[in-house]
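# Summary of the model geometry
Below, each chain spelled out in residue letters.
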Amino acid sequence: MNDETLTAALDALRVRIIGVMPAEVRDCLALLDDEQIWWRPNEQSNSIGNIVLHISGSLNHYLNRNIGGIEYDRDRAAEFAERRNIPKAELLAVFDDMVAKAERTLAALTPERLRDASPEPKMHKSVMEDIINVAVHFSNHAGQIVWITKMLRGDAVHEVWVRAHKANVWRR
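Since this is a predicted model, take the numbers as computed values, not measurements.

### Details of the overall build of the protein chain
Regarding its fold elements, the protein chain presents 8 helices and 0 strands. The C-alpha radius of gyration computed for the protein chain amounts to 16 Å, which stays within 12% of the reference 16 Å derived for 172 residues, consistent with globular compactness. For the C-alpha atoms alone, the extent of the protein chain along its principal axes is close to 45 × 40 × 25 Å. Counting across all 172 residues of the protein chain, residues that qualify as buried make up 45%. Once local pairs closer than 6 in sequence are excluded, the contacts in the protein chain between residues at least 24 apart make up 75%. Carbon and sulfur atoms provide 52% of the accessible area of the protein chain, an area that totals close to 9,200 Å².

The following block contains the structure:
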């Protein structure tokens, strides 16, 4: 792949990782109170709060630490084990900090760096694969958050995906 193609791919991934999906998550959190954020249908399921902690931990580890070189000590089990109703503002602060670090990490990436070997060689071959995996993983969990929000709020959730894309991708 030439540098122009890699740059276009990186730009598309960047806008989704730091723009589209965070906008979807924030839109959903804005519609919910603290109790709804931590609601779960059963003990085996994750709440939106757990998913936000998991997204933050995952991107801080695989993107910001492994690729961006930003110090981070992850406790994956704690992301899912959390049962306190962490206030929305505190949860958003964790999430927004991760997104800000992701913005710095992705801004520093070059097409040449995308060709480098993955820091997780058991999982991926290249940094490009790492970035794609981060985006797909984030998208999966953002979709879960949107679905749970629709289940809890019904008609209050309209066009989250379209709004996020209009604001971040389809700009003129």
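After presenting the structure, the write-up continues.
### Concerning helix 8 (residues 160–168)
Residues of helix 8 that are buried include every one of Val160, Ala164, His165 and Asn168, and no others. All buried residues of helix 8 project into a common sector of 125° when viewed along the axis, lining one side.

### Considering the pattern of salt bridges
Two side chains that carry opposite charge are able to pair once their charged atoms sit near each other. A full pass over the atoms with the stated rule returns 9 salt bridges. The salt bridge involving Asp97 is made with Lys101; its shortest N-O contact spans 2.9 Å. Of the two residues, Asp97 and Lys101 both sit in helix 5 (residues 88–108), 4 residues apart, roughly one turn of that helix. In this structure Asp97 comes out as partly exposed when scored by relative accessible area, which is 36%. For Lys101, a relative accessible area of 17% corresponds to the buried category. Between Arg113 and Asp116 there is a salt bridge, with its nearest N and O atoms 3.4 Å apart. Exposure remark for Asp116: the relative accessible area of 34% places this residue in the partly exposed category.

### Describing the packing of aromatic side chains
Applying the stated criterion across every chain, the model contains 1 aromatic pair. Ring centres of Phe95 and Phe138 lie 6.2 Å apart, and the angle between their planes is 80°; this geometry places the pair in the edge-to-face category. Here Phe95, found in helix 5, pairs with Phe138, found in helix 7 (residues 127–153); they are 43 residues apart in sequence, far enough to count as distant. A relative accessible area of 0% means that Phe138 is categorised as buried.

The rules behind each value
Residues numbered from 1 in each chain as written. Predicted model: local features only at pLDDT ≥ 70, side-chain atom pairs only at ≥ 80, totals over all residues. Heavy atoms only, no water. Helix = DSSP H or I, 4+ residues; strand = E, 2+ residues; numbered from the N terminus. Rg over C-alpha atoms; globule rule 2.2 N^0.38 Å. Buried < 20%, exposed > 50% of the residue type's maximum accessible area, 1.4 Å probe, protein only. Contact = heavy atoms within 4.5 Å. Areas by Shrake-Rupley, 256 points an atom, 1.4 Å probe, with all protein chains shown as cover. Arc of directions from axis to C-beta. Salt bridge = Lys/Arg side-chain N within 4 Å of Asp/Glu carboxyl O. Phe/Tyr/Trp six-rings, centres within 6.5 Å; stacked < 30°, edge-to-face > 60°.

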